[in-house]
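So you can see what is in the structure, the chains are spelled out below.
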Amino acid sequence: MNAFTQNLVFSLNATVPIFLLMVLGTFFRKIHLLDEPTVKKLNQFVFKALLPALLFKDLASADFREIWDTKLVLFCLCTTLCCIAIAILFSLLHKNKTERGEIIQASYRSSAAVLGMAFVNNIYGTSTMAALMIIGTVPLYNIIAVTILSITSPDNGEKQSKKTLFIKTAKEVLTNPIILGIVIGLLWSTLKIPQPEIFSKTVSYLANMATPLSLIALGASFKLHDVKGNTLISFGVAALKLVVFCAIFLPVSIWLGFRDEKLISILVMLGSATTGSCFVMAKNFGHKGTITACTVMLTTLLSAFTLTIWLFILKMLGYI
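Residues numbered from 1 in each chain as written. Predicted model: local features only at pLDDT ≥ 70, side-chain atom pairs only at ≥ 80, totals over all residues. Heavy atoms only, no water.

## Focus on the overall build of the protein chain
Definition in use: Secondary structure elements follow DSSP: runs of H or I of four or more residues count as helices, runs of E of two or more count as strands, with numbering from the N terminus. Each radius of gyration is computed over the set of C-alpha atoms, and the globule rule expresses the reference value as 2.2 Å times the number of residues to the power 0.38. The buried label applies to any residue whose accessible area, calculated with a 1.4 Å probe on protein chains only, is under 20% of its type's maximum; exposed applies above 50%, and partly exposed to all values in between.
For the protein chain, the count of helices and strands is 14 helices and zero strands. Ordered by position from the N terminus, the helices and strands of the protein chain form the series α-α-α-α-α-α-α-α-α-α-α-α-α-α. Its C-alpha atoms give the protein chain a radius of gyration of 19 Å, near enough to 20 Å, the size a compact globule of 320 residues would have. In terms of overall dimensions, the protein chain has a C-alpha envelope of 55 × 50 × 45 Å along the principal axes. In the protein chain, which comprises 320 residues, the share counted as buried stands at 50%.

If you want it as structure tokens, here you go:
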């Protein structure tokens, strides 16, 4: 088997199982094994219990001094800020000002927790670097989303005060289960608290369910008819999300020396699908949510191809 074929097989092995689980989720929804209320509860269960358990397991059992990488966290933070700035500039092309908030959020906000950990776990068997990427991005995701969606909300008569906005943003960040799982895991690792076998096995059982269930739930949430309407702007957002950000910032990350698991985490941060929680947040701030829903569907569908291509390119160039 030549190098080209080996690298292609590596890329397909990393991406295809992930998207097949999503396809299975859609199939289970079609044959009524899963319905709307069940999928909603499943998403909540994954977000509030399983993903935090997975992050806690990987971080609590690792050596904090070995896994911590300030350079990676700062790079993810700064790159996310740059992506937000580009998304804001892109949104100015859209005439309807009340929809610009949706465009901005859908452009920069990745499915970092679900797809990020799935990809890194599938390739390297651990999610520690994905956790560091999440530290650098998820709090910022929430802060900017709350701010932008509030400022551009169509409910002009119900604008929130700065105090209310600050409290809401702080609550979003401090009560985020993913962040809590990371913080507790890092503290556990730093303090070197022992884990009884009964406890560690229970956490492992929960953690092992996180990736398959999250992907099945994501696939079951997919509704093709949501892609209809606002397709032009949504394709623009999808191109920005899946191609442009990667084309700009992946070379920078390689130049800075990021490789292997760290580089994969950065790839997912830049080029994974828009997270479904964008739609919920947009609706909560009085937006229609049509552009967001359309973008989530398009990026979820197209990322199966774009992520495989990016992964193949990085593998061919010897960076992973």
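## Quick look at a nonpolar patch on the surface
Stated precisely, the cut-off is as follows: Surface patches are defined over residues having more than 30% relative accessible area and no salt bridge, joining like charges when they lie within 9 Å and nonpolar side chains (Val, Leu, Ile, Met, Phe, Trp, Tyr) when within 5 Å. Exposure was quantified through the Shrake-Rupley algorithm and a 1.4 Å probe, taking into account, for residues, occlusion by the shown protein chains and nothing else. Salt bridges are defined by distance alone: a side-chain nitrogen of Lys or Arg within 4 Å of a carboxyl oxygen of Asp or Glu.
On the surface, Phe4, Leu8, Leu12, Val16, Leu20, Val23 and Met316 cluster together to form a nonpolar patch covering roughly 580 Å² of accessible area. The element best represented in the nonpolar patch is helix α1 (residues 3–30), accounting for six residues. Checked against the element boundaries, valine 16 lands in helix α1.

## Quick look at the side chain of histidine 94
We apply this condition: Counted as a polar contact is a pair of N or O atoms within 3.5 Å, where, for protein atoms, one must be capable of donating a hydrogen and the other of accepting one, and residues adjacent in sequence contribute only when both atoms are in side chains. Throughout, a contact is declared for two residues whenever any of their heavy atoms are within 4.5 Å.
Here histidine 94 lies in the loop between α4 (70–91) and α5 (100–108). A polar atom in the side chain of histidine 94 sits 2.7 Å from the side chain of glutamate 99. Those residues in contact with histidine 94 that lie beyond four places of it in its chain are Glu99, Arg100, Ile103, Ile233 and Ile291.

## Looking at the packing of aromatic side chains
To keep things clear, this is the line we draw: Aromatic pairing here means that ring centres of Phe, Tyr or Trp (its six-membered ring) are within 6.5 Å. Orientation follows from the plane angle: under 30 degrees is stacked, over 60 is edge-to-face, and everything else is tilted.
In this structure the tally under the stated criterion is six aromatic pairs. When the ring of phenylalanine 56 is compared with that of phenylalanine 199, the centres are 6.0 Å apart and the planes differ by 85 degrees; the resulting orientation is edge-to-face. Remark: phenylalanine 199 occurs in helix α10 (residues 197–220) and phenylalanine 56 occurs in helix α2 (residues 36–60); sequence separation between them is 143 residues. Ring geometry for tyrosine 108 and tyrosine 141: centres 5.7 Å apart, planes at 50 degrees, overall tilted. With tyrosine 108 in helix α5 and tyrosine 141 in helix α7 (residues 128–151), the pair connects residues that are 33 residues apart, well separated along the chain.

In short, the description is geometric, and any link to function would need to be established separately.
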